Amino acid sequence: MALTRSAALLALACAAALAMAPAALAQKPAKKKEKSAPAPEVLYAGRPDALRFADDLAARRGLDREWVRQAIGQARFLPQVPRLMLPAPQGAPKNWAAYRARFVEPVRIRAGVRFWNEHAATLARAEREYGVPAEIIAGILGVETLYGQHMGSFRVMDALATLAFDFPAAHPRAAERQAFFQGELEQLLSLADRTGTDPFALRGSYAGAMGLGQFMPSSWVRWAVDFDGDGRIDLFQSPADAIGSVANYFQAHGWVPGLPTHYALAFDETRLRLPELLAPDILPTFDAAGMEARGARPLPAEGAATAPEAAGPLALIELQNGGAPATYVAGTRNFYVVTRYNWSSYYAMAVIDLGREVAAAR
């Protein structure tokens, strides 16, 4: 079909445009999404307050000043660590059943059985020498690191320096906690100096805890023991040292051999004075008769050698279950000792339950 002159000109223009399109596209390739540059590494060598701390530490501990300055100066600020130290937002109800399920579960129980079978003789010796049941030691190591499988990947020097010099001011006990971590940094460097250890070789949690039992440096110094007798303490590679150290920790904090950790309760709703019983929190305060007079009667524990009447002071332990009714037990002095490892009744109960489940599974 013949085209008019104007139509022919329009067709030629369109053809020219189409012919030029690939060239134009080739000249303007699509822009690739640029990767954001990693945040610059911040070392504490540039912080006068950190270096003053180093000088003071070296003088007090009799350490080489330049070595301490270099160690603290080469520590890196970890921006994620201060955020991890902030308390959980208010308003979310605690849930013991959900918390328990994180730790008392098949994978951890099977790992606990393997660990106990492999180190049965060492656990039995620790129980004989320190009076702490093997199931409590197994519960601690299972909850803390899944028997050494998850000991933490943070450089302990970086974590402790961050918390010593940049603890979050928004924390309700910021000054107290920052002082604690400054003490832990001091203990780490003193320990490294005494043992000839490179402090930057140590890996642990974001809070600076180390080894199978997640000992803070001060706990390592005070309570870690050479339980395998090889002349050195190694809480990373020696399960025996970890077992003996956990047992020694509990004995040092007042563990009473043969005393149950807790008793079940029967409530008399007509005279229950719950706020009064909960007022001391987890601190053992009432004897069995005193608890019963306030409407909570401790029940004898199956297989326990100590009856509630002879157990000494007790505490009403409340474990909230979200919107469901709370779980209550009467905690003994031994329950309180477990909370010295981690100041939480939920943690303590998870340790106790995991240890029992591992023992039963064997």
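If you're wondering where the values come from, they're calculated on a predicted model, not measured in any experiment.

## Some remarks on the side chain of threonine 261
- Topologically, threonine 261 is positioned in the loop between α12 (239-252) and β3 (262-263).
- Of the residues examined, threonine 261 reaches a relative accessible area of 7% and is grouped as buried.
- Looking at threonine 261, its side chain comes within polar contact range of the side chain of histidine 262, at 2.8 Å.
- Setting aside chain neighbours within four positions, we find threonine 261 in contact with Ile136, Trp255, Ala330, Gly331, Thr332, Asn334, Phe335, Ile352 and Arg356.

## Focus: helix α7 (residues 120-130)
- Buried within α7 are the following residues: Thr122, Leu123, Ala126 and Tyr130. End-on view of α7: buried residues confined to an arc of 100°, all on one side of the axis. Along α7, exposed side chains directed more than 90 degrees from the buried face belong to Ala121 and Arg128.
- Each element contacted by the buried residues of α7 is listed here: α6 (106-118), α8 (134-145) and α12.
- Glycine 131 sits one or two residues past α7 and shows a positive phi near 80°.

## Side note on the sheet that holds strand β7 (residues 324-331)
- Strand order in the open sheet made by the three strands is β3-β7-β6, with antiparallel pairing throughout. Of all the strands in the sheet, the pair left with one neighbour each is β3 and β6 (315-321).
- Against the sheet, helix α16 (residues 345-361) contacts β3 and β6, and its axis sits at roughly 90° relative to β6.

Parameters and conventions
- Residues numbered from 1 in each chain as written.
- Predicted model: local features only at pLDDT ≥ 70, side-chain atom pairs only at ≥ 80, totals over all residues.
- Heavy atoms only, no water.
- Helix = DSSP H or I, 4+ residues; strand = E, 2+ residues; numbered from the N terminus.
- Buried < 20%, exposed > 50% of the residue type's maximum accessible area, 1.4 Å probe, protein only.
- Polar contact = N/O pair within 3.5 Å; in protein donor to acceptor, adjacent residues only side chain to side chain.
- Contact = heavy atoms within 4.5 Å.
- Arc of directions from axis to C-beta.
- Pairing = 2+ DSSP bridges.
- Axes fitted to C-alpha atoms, helices over the stretch in contact; angles between N-to-C directions.

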